[in-house]
Amino acid sequence: MKKRLILVLLVAVFAVSVAVVFVSGRWYLSQPIQSEASTPLLLDFRGGATARSLTSQVTEHFEGGHSALSYRLSQVFADINHLQAGLYEIHGQQSWFDIWSMLSQGREKTFTVTLVEGLTLEQWRAQLEQLPYLKDESSELSAAELRQKLGVTEASLEGVLLPETYSYRAYTTDIAILKQAYQSMHRVLENVWQERSDRCPVNSPYELLILASIIEKETGLADERPLVASVFANRLAIDMRLQSDPTTIYGIENFDGNITRAHLREKTAYNTYRIDGLPPTPIAMPGEASIEAAASPVRSPYYYFVADKSGGHVFSETLEEHQRAVRRYQLNQE
């Protein structure tokens, strides 16, 4: 009887001990690795990395806990056998359960890049080259090779990529982002073209991009875009040259920032002071708002505009009014 009682007590003690270990282990893994604020760890988990090496890196970075204990407890209480490769951002306020869950579900750190409207393809490519954890696969490609990689059917890459904020994971290629921008532009352009008004002055979606890129370069003010579009629509309707400085500048090789009378007199494919109609390609990446303005310009009597001193423009109906505005705002003669 006494032996049976001792056995029961031993079993009870063992059960309690197991329960204590179980509860203590789970409690340990559920606590923040480091309670105070600290610099996050960017953990590159790939190429032969293991759960054990991960545990060592984390405890070393945050100087909290014991690597061997954390690993052994994680073997028992967490899923550490189905971890996905990737780049992860780990914070000290996370617990081990949080970390293993993040890796088993593949919740990698994401980066973002904002490709701004009004910039050129070369400016975008220079920006992409500077981004962290983005693989460069385009910088050595010619324009023709890059067009082929992206599946671009238009004559130029200029203007056919949508300015937007794009997300990417580590080791994504710049080609993937540019391809996404191309596909996004196609969707936007198709929708806007279908909804264009009877005032739309161009004959194809590509010509719409060309006109939109000129509008994009002429003004950065949202409420001016429809008016700028109306000026160009009015000019195109009577076969009047567009006379847009940004188009001329785009056609100048090694432009130094100073447009001269000689530049305006030189006949290039992009000098709309010397050519009729639109230039052959877009001159920058137009945003969706500029595309919409080009597709649906407002009705106006204006054929001219000149920059004022506040970042906007003064619009004129006649050449005489325009020349007066030029003297006042550009030549400071009034």
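Residues numbered from 1 in each chain as written. Predicted model: local features only at pLDDT ≥ 70, side-chain atom pairs only at ≥ 80, totals over all residues. Heavy atoms only, no water.

1. What about the overall build of the protein?
Link 1 in the chain: Summing up its helical and strand segments, the protein has 13 helices and eight strands in all.
Link 2 in the chain: In summary, the protein has a C-alpha radius of gyration of 31 Å against a globular reference of 20 Å for 334 residues, an excess of more than 25%.
Link 3 in the chain: Each of the 334 residues in the protein was classed as buried or not, and the buried ones make up 42%.
Link 4 in the chain: By sequence separation, contacts in the protein at least 24 residues apart represent 64% of the contacts at least 6 residues apart. (Helix = DSSP H or I, 4+ residues; strand = E, 2+ residues; numbered from the N terminus. Rg over C-alpha atoms; globule rule 2.2 N^0.38 Å. Buried < 20%, exposed > 50% of the residue type's maximum accessible area, 1.4 Å probe, protein only. Contact = heavy atoms within 4.5 Å.)

2. As for the nonpolar core
Link 1 in the chain: Ranked by internal contacts, the top residues of the largest apolar core, which has 54 residues, are Val 113, Val 160, Leu 161, Leu 208, Phe 232 and Ile 291.
Link 2 in the chain: Here this core takes ten residues from helix 7 (residues 174–194), the largest share from any one element.
Link 3 in the chain: Contacts of Leu 208, omitting those with residues within four sequence positions, involve Leu 189, Val 192, Trp 193, Cys 200, Val 202, Ile 291, Ala 294 and Ala 295.
Link 4 in the chain: Judged by nonpolar contacts, the second largest core, of 22 residues, contains Ile 33, Ala 51, Ala 78 and Met 102. (Core = buried A, V, L, I, M, F, W, Y, C linked by side-chain atoms within 4.5 Å.)

3. Re the side chain of Ser 156
Link 1 in the chain: One can find Ser 156 in the loop between helix 6 (143–150) and strand 5 (165–169).
Link 2 in the chain: Here the side chain of Ser 156 touches Glu 158 through a polar contact of 3.0 Å, landing on its backbone nitrogen.
Link 3 in the chain: Apart from the residues within four sequence positions on either side, Ser 156 is in contact with Arg 147, Tyr 206 and Thr 281. (Polar contact = N/O pair within 3.5 Å; in protein donor to acceptor, adjacent residues only side chain to side chain.)

4. Looking at a negative patch on the surface
Link 1 in the chain: Together, Glu 117, Glu 164, Glu 288 and Glu 292 line one region of the surface with negative charge.
Link 2 in the chain: Among the structural elements, Glu 117 can be located in the loop between strand 3 (110–114) and helix 5 (121–129). (Patch = residues over 30% accessible without salt bridge, like charges linked within 9 Å, V, L, I, M, F, W, Y side chains within 5 Å. Areas by Shrake-Rupley, 256 points an atom, 1.4 Å probe, with all protein chains shown as cover. Salt bridge = Lys/Arg side-chain N within 4 Å of Asp/Glu carboxyl O. Lys, Arg positive; Asp, Glu negative; His and termini not counted. Charge placed at Lys NZ, Arg CZ, Asp CG, Glu CD.)

5. Description of the environment of Leu 264
Link 1 in the chain: Relative to the helices and strands, Leu 264 is located in helix 11 (residues 261–265).
Link 2 in the chain: What makes Leu 264 partly exposed here is its relative accessible area of 25%.
Link 3 in the chain: Along the sequence, Leu 264 and Ile 249 sit 15 residues apart, while their C-alpha atoms lie 9.0 Å from each other.
Link 4 in the chain: In contact with Leu 264, not counting residues within four places along its chain, are Asp 245, Thr 248, Ile 259, Asn 271, Tyr 273 and Arg 274.

6. Quick look at the pattern of salt bridges
Link 1 in the chain: All chains considered together, the criterion is met by six salt bridges.
Link 2 in the chain: The partner of Asp 44 in a salt bridge is Arg 46, and the shortest N-O contact between them spans 2.9 Å.
Link 3 in the chain: Take Asp 44: its relative accessible area is 31%, and that puts it in the partly exposed class.
Link 4 in the chain: Between Arg 125 and Glu 122 there is a salt bridge, and its shortest N-O distance comes to 3.6 Å. Separated by three residues within a single helix, Arg 125 and Glu 122 lie in helix 5, roughly one turn from each other.
Link 5 in the chain: The class for Arg 125 is buried, based on a relative accessible area of 8%.

7. A look at unusual backbone geometry
Link 1 in the chain: One non-glycine residue, Tyr 171, adopts positive backbone phi at about 75°.
Link 2 in the chain: Classification of Tyr 171 by relative accessible area gives partly exposed; the value is 33%.

8. Some words on the pairing of strand 3
Link 1 in the chain: Residues Phe 111 and Val 113 of strand 3 are buried on one face, while the alternating residues Thr 110, Thr 112 and Thr 114, pointing to the opposite face, are not.
Link 2 in the chain: In the sheet, strand 3 pairs with strand 5 via five bridges, with the strands oriented antiparallel. In the sheet register, Thr 110 faces strand 5, and the bridge partner there is Arg 169. (Pairing = 2+ DSSP bridges.)

9. Thoughts on the side chain of His 322
Link 1 in the chain: Along the chain, His 322 falls in helix 13 (residues 319–329).
Link 2 in the chain: The residues touching His 322, leaving out its near neighbours within four places in the chain, are Tyr 304, Phe 305, Val 306 and Ser 316.

10. Comments concerning a nonpolar patch on the surface
Link 1 in the chain: A cluster of nonpolar side chains, namely Leu 42, Tyr 133 and Tyr 171, defines an oily patch on the protein surface of about 250 Å² accessible area.
Link 2 in the chain: By the element assignment, Tyr 171 lies in the loop between strand 5 and strand 6 (172–173).

11. Details of helix 5
Link 1 in the chain: Three or more residues of helix 5 are buried, namely Leu 121, Trp 124, Arg 125 and Leu 128. Buried residues of helix 5 fall within an arc of 100° about the axis and therefore sit on the same side.
Link 2 in the chain: Looking at the buried residues of helix 5, the elements they touch are strand 3, strand 4 (134–135), helix 6 and helix 7. (Arc of directions from axis to C-beta.)

12. Some details on the confidence of the model for the protein
Link 1 in the chain: Of the residues in the protein, 91% reach a pLDDT of 70 or more, and the chain-wide mean stands at 90.
Link 2 in the chain: Counted against residues more than four places away or in other chains, residues 10–19, with its pLDDT under 50, gives zero contacts. (pLDDT = per-residue confidence, 0-100.)

13. Focus on the environment of Arg 125
Link 1 in the chain: Placed 14 residues apart in sequence, Arg 125 and Ser 139 show a C-alpha to C-alpha distance of 7.3 Å.
Link 2 in the chain: Excluding residues within four positions of it along the chain, Arg 125 makes contact with Ser 138, Ser 139, Leu 141 and Leu 146.

14. Remarks on the packing of helix 6 against helix 7
Each pair of packed helices can be described by the angle between their axes along with the distance between the axes.
Link 1 in the chain: Here helix 6 crosses helix 7 at 70°, and the two axes come no closer than 9 Å. On the basis of the axis angle, helix 6 is roughly perpendicular to helix 7. Contact residues: helix 6 offers Leu 146, Lys 149 and Leu 150, while helix 7 offers Ile 175, Leu 178, Lys 179 and Tyr 182. (Axes fitted to C-alpha atoms, helices over the stretch in contact; angles between N-to-C directions. Parallel < 35°, antiparallel > 145°, perpendicular 65-115°, else oblique.)

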